[in-house]
Amino acid sequence: MSIFTALIAKIAPLYVLMLMGYIAARFLHSHRDTVAHLLFYMITPLVIFSGVVNTRLDASVLSVPLISFLIASFLCLLFYSLSKLIWTDSTKNLMAISAGSGNTGYFGLPIVLLLMNDQGEGIYILAMLGVTLYESTVGFYILAKGTYTASECLKKLAKLPSLYSFLLGLIINLVGIKPPEAFAEFTGYIKGSFTVLGMMLIGLSLAGLHHLKIDYKFIGMTFLAKFVAWPLMALGVIYADTHWTQFLNPTIYNALFLLSIVPLAANTVALAAILKNQPEKSATAVFLSTLFAIGYVPLMATLLFEKLL
């Protein structure tokens, strides 16, 4: 089976989960904000902690979350500056966080499990952590600026659990403490709920729309950031390393590349809902990018994944 057809089969259930979220909201009266809070404040920090604790660390591997964090932050600030030329309201803040983030967990992890070994999965999780830390720090601050004052943003930032779970996991890993075997089984359940609830959250958010809230400029800018700028940045890092620094390795190349081609982040819907910054517009953009990813992700993986090995 080719990478293209294997990936089509792998990502199809993700769309079923999105449909289930829509049905749950429309007919079972499930609430979007409850799921958003569960994901952001409880499940995501546990996934981050598990990923950091269970990965073999060296200098090149430790650089991976820094690389992804810097790419995400750069794109956020770049598109925030560009968006100021288009919007004067909080749309520019929503655009900025969308530019730097991606559906690295709910959508990306199942693809990584198909294409990479255990160490590759761990490296991808570290790359994902860089994006998650961006969402929890730079991205959260930029988005909150559209609703709160600078001091209020910093206070909310200091209360985010993802930052502390990353630091705790890093300390435990470096000290050499091994979590009990039962912890691995427990985090396996958490990873499953991470994907299930994350994709269902998109459906839950879409169910609240009476019609798709399409802002063509917003959709165009988010697609430019996610499907053009992100892959170009990742491939730029890979090109620079292969030709000059030679600090990374092919497994890291593949992790960064796969990270760069996933659709817009469902987490932005959660954040927009928490901060009350146009979650419907965010949900529409995430939904359309996720539909686009049905063909885009398998095609990009087929064209470039094997060549990076």
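Residues numbered from 1 in each chain as written. Predicted model: local features only at pLDDT ≥ 70, side-chain atom pairs only at ≥ 80, totals over all residues. Heavy atoms only, no water.

## A closer look at the packing of aromatic side chains
Evaluation of the coordinates by the stated rule reveals nine aromatic pairs. Ring centres 6.5 Å apart and planes at 90 degrees place the aromatic pair Tyr15 and Phe107 in the edge-to-face group. With Tyr15 in helix 1 (residues 3–27) and Phe107 in the loop between helix 4 (91–100) and helix 5 (108–115), the pair connects residues that are 92 residues apart, well separated along the chain. The burial state of Tyr15 is the same as that of Phe107; both residues are buried. Pairing Phe223 with Phe292 gives two aromatic rings, centres 5.5 Å apart and planes at 55 degrees, and the pair type is tilted. In this pair, Phe223 sits in helix 10 (residues 216–245) while Phe292 sits in helix 13 (residues 279–308), placing the two residues 69 residues apart along the sequence. Residue Phe223 is classed as buried on the basis of its relative accessible area, which comes to 19%. Through a chain of ring-to-ring contacts, three or more aromatic side chains come together here, namely Phe223, Phe227, Phe292 and Tyr296. (Phe/Tyr/Trp six-rings, centres within 6.5 Å; stacked < 30°, edge-to-face > 60°. Helix = DSSP H or I, 4+ residues; strand = E, 2+ residues; numbered from the N terminus. Buried < 20%, exposed > 50% of the residue type's maximum accessible area, 1.4 Å probe, protein only.)

## Brief notes about the packing of helix 1 against helix 5
The contact between helix 1 and helix 5 brings their axes to 10 Å, and the two run at 145 degrees. For the crossing formed where helix 1 meets helix 5, the hand is right-handed. Every residue of helix 5 that contacts helix 1 at Ile3, Ala6, Leu7, Lys10, Ile11 and Leu14 is listed here: Pro110, Ile111, Leu114 and Leu115. Classifying every residue of the contact of helix 1 with helix 5 by side-chain character gives nine nonpolar, no polar and one charged. (Axes fitted to C-alpha atoms, helices over the stretch in contact; angles between N-to-C directions. Left-handed = near helix turned anticlockwise from the far one by under 90°. Contact = heavy atoms within 4.5 Å. Nonpolar A, V, L, I, M, F, W, Y, C, P; charged D, E, K, R; others polar.)

## A closer look at the environment of Leu258
As for its position among the elements, Leu258 is in helix 11 (residues 250–260). The sequence separation of Leu258 and Ala234 amounts to 24 residues, and the corresponding C-alpha distance is 9.2 Å.

Honestly, that's just the spatial picture; any functional story needs more than this.
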